[in-house]
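# Results of the structural survey
What follows is each chain in one-letter form.
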Amino acid sequence: MRVIAGKAKGMKLRQVNSNATRPITDRVKESLFNIIGGGIKGSVMLDLFAGTGAFSFESLSRGALKATLVENSSLMIDLIYKNAEKLKFTDKLIVFNENAYSFTNIHSDPK
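Here the residue numbering is sequential within each chain, running from 1 through the sequence in written order. In keeping with the model being predicted, local features are shown solely for residues with a pLDDT of at least 70 and side-chain atom pairs are shown and tallied solely at 80 or more, while totals for entire chains, interfaces and linings include all residues. Side-chain measures here rest on the full set of heavy atoms in the structure, leaving out hydrogens and waters.

A word on the overall build of the protein. Looking only at helices and strands, the protein features 4 helices and 3 strands. Put simply, DSSP marks the helices as runs of H or I at least four residues long and the strands as runs of E at least two long, and each gets a number from the N terminus on. Starting at the N terminus and walking to the C terminus, you meet the elements of the protein as α-β-α-β-α-β-α. For the protein, the C-alpha radius of gyration of 14 Å lies close to 13 Å, the compact-globule estimate for 111 residues. Oriented by its inertia axes, the alpha-carbon framework of the protein measures out at about 40 × 30 × 25 Å. For the protein, the residues scored as buried account for 37% of the 111 residues in total. Only heavy atoms enter the contact rule, under which two residues are in contact if any of them lie within 4.5 Å. Sequence-distant contacts in the protein: of pairs separated by 6 or more residues, those separated by 24 or more amount to 57%. In these tables, accessible area is a Shrake-Rupley quantity obtained with a 1.4 Å probe, and a residue counts as shielded only by the protein chains included in the view. For the protein, the exposed area adds up to about 6800 Å²; of that, 51% sits on carbon and sulfur atoms. Across the protein, the mean location of the 16 positive side-chain charges is 8 Å away from that of the 10 negative side-chain charges. Here the globule rule is a power law, 2.2 Å times the number of residues to the power 0.38, and the radius of gyration is based on C-alpha atoms. Only protein chains enter the accessibility calculation, which uses a 1.4 Å probe. A residue is then buried if its area is under 20% of the maximum for its type, exposed if over 50%, and partly exposed in between. Under the counting rule used here, the positive set is Lys and Arg, the negative set is Asp and Glu, and His together with the chain ends is not counted. To locate a charge, take NZ of a lysine, CZ of an arginine, CG of an aspartate or CD of a glutamate.

Spelled out as structure tokens, the structure:
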């Protein structure tokens, strides 16, 4: 798994050999970002079920300002931080060690 475009293009991401995650493939990532187009630059990303953080790292590489990642696996959170250090994106991340469903319920309540 690697970053496919932007300032971190070609950088390989660390991953775990486990069936616990289903990483987004380079082909799917490329198609998704082709659809989004130029809407990434200057944006703030929300990455629910973040896994390795590949979607966020791709977004940051393409010009997103910040990324909020939500992941409930401590193993994956460690991996996210290792990948962020490798790509020099640590200052652009906010990481929540939380269930994505709970996160959206708590953070979307208008009260």
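Anyway, onward from the coordinates.
This part is about the pattern of salt bridges. Opposite charge on two side chains makes pairing possible when the charged atoms of those side chains draw close. Only one rule defines a salt bridge in this text: a Lys or Arg side-chain nitrogen within 4 Å of an Asp or Glu carboxyl oxygen. One pass over the full model with this rule turns up 2 salt bridges. Of the charged contacts, one joins glutamate 58 and lysine 29 as a salt bridge, the two residues approaching to 3.8 Å between their closest N and O atoms. With glutamate 58 in helix α2 (residues 54–61) and lysine 29 in helix α1 (residues 26–36), the pair connects residues that are 29 residues apart, well separated along the chain. Overall, glutamate 58 belongs to the buried group, its relative accessible area being 0%. Residue classification places lysine 29 among the buried residues on the basis of a relative accessible area of 0%. Residue arginine 62 is joined to glutamate 58 by a salt bridge in which the shortest nitrogen-to-oxygen separation is 2.8 Å. Among the residues examined, arginine 62 registers a relative accessible area of 23% and is labelled partly exposed. Overlapping salt bridges bring together Lys29, Glu58 and Arg62 as one network.

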